[in-house]
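# Understanding the architecture of this molecule
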Protein chains: 2
Amino acid sequence: MKEVKVGIIGFGTVGAGVAANILGNSDVIAKRANVKLVLSRIADLDITTDRGVKIPEGVLTTDAAEAIREADIVVELVGGTTVAKKFILDAIQAGKPVVTANKALLALHGEEIFAAAEKAGVDVYYEASVAGGIPIIKALREGLVSNRISRIYGIMNGTCNYILTRMENEGADFTTVLADAQKLGYAEANPSLDIDGFDTAHKTAILAALAYGRWFGLEPVHVEGIRDLELADLRYADELGYRIKLLAIIKSADGKVQMRVHPTLIPKNVLLANISDVFNGVMVEGDMVGQTLFYGRGAGRNATASAVTADITDVAVNLAAGSVRRIPAFRPGEQFSEVLSMDEVSSRYYLRLQVKDCPGVIASITQILADKGISISSLIQHERREADGTVPLVILTHVATERDIRSALAELGVLAINQAPVKLMRIEDI
Amino acid sequence: MKEVKVGIIGFGTVGAGVAANILGNSDVIAKRANVKLVLSRIADLDITTDRGVKIPEGVLTTDAAEAIREADIVVELVGGTTVAKKFILDAIQAGKPVVTANKALLALHGEEIFAAAEKAGVDVYYEASVAGGIPIIKALREGLVSNRISRIYGIMNGTCNYILTRMENEGADFTTVLADAQKLGYAEANPSLDIDGFDTAHKTAILAALAYGRWFGLEPVHVEGIRDLELADLRYADELGYRIKLLAIIKSADGKVQMRVHPTLIPKNVLLANISDVFNGVMVEGDMVGQTLFYGRGAGRNATASAVTADITDVAVNLAAGSVRRIPAFRPGEQFSEVLSMDEVSSRYYLRLQVKDCPGVIASITQILADKGISISSLIQHERREADGTVPLVILTHVATERDIRSALAELGVLAINQAPVKLMRIEDI
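Once a new chain begins, its residue numbering starts again from 1 and follows that chain's sequence as written. Think of it this way: whatever chain is written first is A, whatever ligand is written first is 1, and the rest follow in order. In view of the model being predicted, local features appear only for residues whose pLDDT reaches at least 70, and side-chain atom pairs are presented and counted only at 80 or more, with totals across whole chains, interfaces and linings using the full set of residues. Calculated side-chain values reflect all of the structure's heavy atoms, with hydrogen atoms and water omitted.

- As annotated in an unreviewed UniProt entry, chain A carries the name Homoserine dehydrogenase and comes from Victivallis vadensis.
- UniProt positions are given in the numbering used here, feature names are shortened, and annotations may be inferred rather than shown by experiment. Checking UniProt for chain A, the heading Sequence similarities (unreviewed entry) contains the comment "Belongs to the homoserine dehydrogenase family."
- Recorded in UniProt under Catalytic activity (unreviewed entry), the annotation for chain A is "L-homoserine + NADP(+) = L-aspartate 4-semialdehyde + NADPH + H(+)".

## Notes on the nonpolar core
- Counting 175 residues, the largest nonpolar core has Tyr126, Ile136 and Ile163 of chain A together with Tyr126, Ile136 and Ile163 of chain B as the members making the most contacts within it.
- By definition, residues are in contact when any of their heavy atoms lie within 4.5 Å. The residues touching Ile163 of chain B, leaving out its near neighbours within four places in the chain, are Phe174, Val177, Leu178, Ala181, Ile195 and Ile226 of chain B.
- Each nonpolar core is a collection of buried residues, namely Ala, Val, Leu, Ile, Met, Phe, Trp, Tyr and Cys, held together in the definition by side-chain atoms within 4.5 Å. Any residue under 20% of the maximum accessible area for its type is buried, any over 50% is exposed, and the rest in between are partly exposed; the area is computed with a 1.4 Å probe on protein chains only. Residues Leu37, Ala101 and Ala128 of chain A together with Leu77 of chain B belong to the second largest nonpolar core, which totals 67 residues.

## Some thoughts on helix H13 (residues 402–413) of chain B
Residue and element names in this part refer to chain B.
- Between its first and last C-alpha atoms H13 spans 16 Å; for 12 residues at 1.5 Å apiece the expected length is 16 Å, and the two agree.
- A helix here means a DSSP run of H or I that spans at least four residues, while a strand means a run of E at least two residues long, and both kinds are numbered starting from the N terminus. Taken together, the buried positions of H13 are occupied by Glu402, Ile405, Ala408, Leu409 and Leu412. Projected onto a plane normal to the axis of H13, the buried residues spread over an arc of 130° and lie on a single side.
- The inward-facing, buried residues of H13 abut strand E14 (346–356), helix H12 (361–371), strand E16 (390–397), strand E17 (400–401) and strand E18 (423–427). For a helix, the expected span equals 1.5 Å multiplied by the number of residues minus one. Of all possible arcs, the one meant is that of the directions from the helix axis to the C-beta atoms.

## So, the domain arrangement of chain A
Residue and element names in this part refer to chain A.
- The source of the domain bounds is an automatic or database domain assignment. Assigned domains of chain A: these are domain 1 (2–133 + 301–321), domain 2 (136–297) and domain 3 (345–427).
- Just the C-alpha atoms count here: the centres of domain 1 and domain 2 sit 27 Å apart.
- Note on terms: buried area is the combined drop in 1.4 Å-probe accessible area of two parts once they are placed together, counting the loss on both. Between domain 1 and domain 2, the buried area comes to about 1500 Å², and carbon and sulfur atoms account for 66% of it.
- When a carboxyl oxygen of Asp or Glu is within 4 Å of a side-chain nitrogen of Lys or Arg, the pair counts as a salt bridge. At the junction of domain 1 and domain 2, the tally comes to 2 salt bridges.
- Across the pair Asp199 and Lys103 runs a salt bridge, and its minimum N-O distance is 4.0 Å.
- Counting of polar contacts relies on pairs of N or O atoms within 3.5 Å, with two restrictions inside protein: one atom must be capable of donating a hydrogen and the other of accepting it, and residues adjacent in sequence are counted only when both atoms are side-chain atoms. Counting across the domain 1 and domain 2 interface gives 6 residue pairs in polar contact (both at pLDDT 80 or more).
- Of all elements in the fold, only helix H4 (103–120) and helix H11 (301–321) reach the threshold of two or more residues within the side of domain 1 that touches domain 2.
- Residue contributions to the side of domain 1 that touches domain 2 peak at 8 residues, all from H4.

## So, the packing of aromatic side chains
- The criterion for an aromatic pair is that two Phe, Tyr or Trp rings (for Trp, the six-membered ring) have centres within 6.5 Å, with stacked assigned to planes under 30 degrees apart, edge-to-face to planes over 60 apart and tilted to the rest. Enumeration according to the criterion identifies 17 aromatic pairs over all chains in this entry.
- A centroid spacing of 4.6 Å and a plane angle of 75° characterise the contact between Tyr162 of chain B and Tyr186 of chain B, whose relative ring orientation is edge-to-face. Linking Tyr162 of chain B in helix H6 (residues 158–170) with Tyr186 of chain B in the loop between helix H7 (174–184) and helix H8 (192–195), this pair joins segments that are 24 residues apart in sequence.
- On the basis of an interplanar angle of 10° and a centroid distance of 4.9 Å, the ring pair of Phe279 of chain B and Tyr295 of chain B is categorised as stacked. In this pair, Phe279 of chain B sits in strand E11 (residues 279–286) while Tyr295 of chain B sits in strand E12 (residues 290–297), placing the two residues 16 residues apart along the sequence.
- Looking at Phe279 of chain B, the relative accessible area reads 14%, which means it is buried.
- Through pairs of rings, three or more aromatic residues link up here, namely Phe114, Tyr126, Trp215 and Phe330 of chain A.

This is the structure we're talking about:
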């Protein structure tokens, strides 16, 4: 049986998980895959902090170059987009295959890294970069290879899903739940990457690239986070039969791809709406397979390690079988090469206005929508007059374009009867 | 780009789907996998019936041997366990890799087929044999390779799930819904393979083999179907917060594996309970990844074709990369080699008795359970006296062994106050 030396760079949470996985389960991996994974080196600047894994003598080092030199496979778990990139390119230049979980780096510099890997003739795998332990990249790249992909919906940020689940279940507001999530370690001290949607956008860019054969990068992904989400909107959504999720949406039609991340109303009875807490779920729709859904833990030491170690095993099997680059990290194919501009995107919409409670209000609002060709699917106005004499008015529309809804919003915003910024969210019926 | 000739044996529903998939999507497959799939031959005794796919001139043949001879990859879609086995072994002996969707054949003769494939040095892949379009075999074999698998739960028979969903939603009884399912083509004229649980048992045997490295075969799988399920039981389950699903259960502990298929109460709020209609779902729990779930269409022309064509592509990539048997069809590893006998299985139980409405009834029943060490978690007796003076009594127990519950059931069965056979079902809290 071939022995394969694994060098890990970055001994943080995930690094410790991968070390534990290799140390604890290399026997079962060997039985299944006929390769023996050996932990050769773990490099980190800090090799004294106890990470809860007993690492064999002589494995820890502060010298990343040494870890690269001695390894058959280099595992980058440093994170970030600077030094991590250097380690990966160094490994590739040394002819070593690379496994990484670094979504931000791939979303920003994927093309450069994959080009270097192609030139050097080595594998670069990155299953753990999207949806943690869920083998969604393998599913898209191999399991669903025979499908033209029409839609992908992803709940891919555990922090946001945890916050939304608690807001919904407990009626607690965003700030309170965020503070609690930070205390519990589910949210970072600086939570922006998660709650402003950027982490989900990184993953969206990676999935879209795999589905459509072009490395789009981050720029064309429209991103809105959950920071401004009000409890009132979760309650109206609930009343109307919807839940609100931070959803990654990738769709293709007529040779154009759209990519967006924003809070989205989805019907309560679909499976995706029932993915709660820190869990992730990705729905992939193909022309042959129909709708599929992949669910599991999107983060955390062990779940992420499961994906990283699966990649390591895949690369090790390639080394053993002499089939390096059997399936390259990314194969450009340009199944769809154009990106749909956000203006052209069509959606159903949720609008919440805070209006003066006086005659003619609904008439003037619905007239503005009608003038833009936007038709209303439902409307709620409750008898809930605020101290300032205003009432909330919630409208769900049929499908309209972003351009038209934005244009309507501009007019609604300056209406004298409108007493607050209009809240807008998008609806996906899935 | 390597061209790979695909020969299909069996031009039924799935055969037509695979042909359509290759003809329609070989361009996108080529872009992703760098292999060009070419439909070389389709063999069937009936090559005149219109299958809804336009097959190029000269591809259809009645000669299976010819299809095997001319192909680089042989796809067996005949079904059954006799002639299908011969075709597969013929192909293997001719040195041709094989893709099949034949769960019954693999569950019964997997070892023989895989031994032949090993001897001949060819690949045999079978993704479509379990849960249709869901890439669950690839997930177990590759995506979750680094996990010790503790539990697998599967809803893997679309016919049963469709029947149970309709019984639950409409309050219709089993016989009525089955007749309707047969009319709609969701159930066979002879529905036994589906509704008596055997189809699910075949799939259970395959998943257990992959998870635990031993080809157990069908014999150790305990099987009960849904034929005797009464509407009353679905209603009580609902009242108690459960749904009833025909569930495949694979668990391992202390070096022993248990495999069973039976109607099972699962809590309504878990994702698996929300898999409805003809859809399938498989939950896999590993020591690293935690709980994952894979969802999609478990049957049907296109979904099954998606899995078959993914396998064809995988084999084609092996041929192109010179990495035949990179990952064998099945690698014996004996992670768990003993099978837990059904007597030793522990579960929570649902019991429904039809008892005389007289003093001391509950006391005498609960005493029998107490004598066996079986403790009660809930009990319902409604004021619903039947014409014959009996009332239904529903008991949920805490965990007990099959041996103890069977022994209690024998005593309950002969109680004078008990007026009908005791209904027993198992509960999984997932």
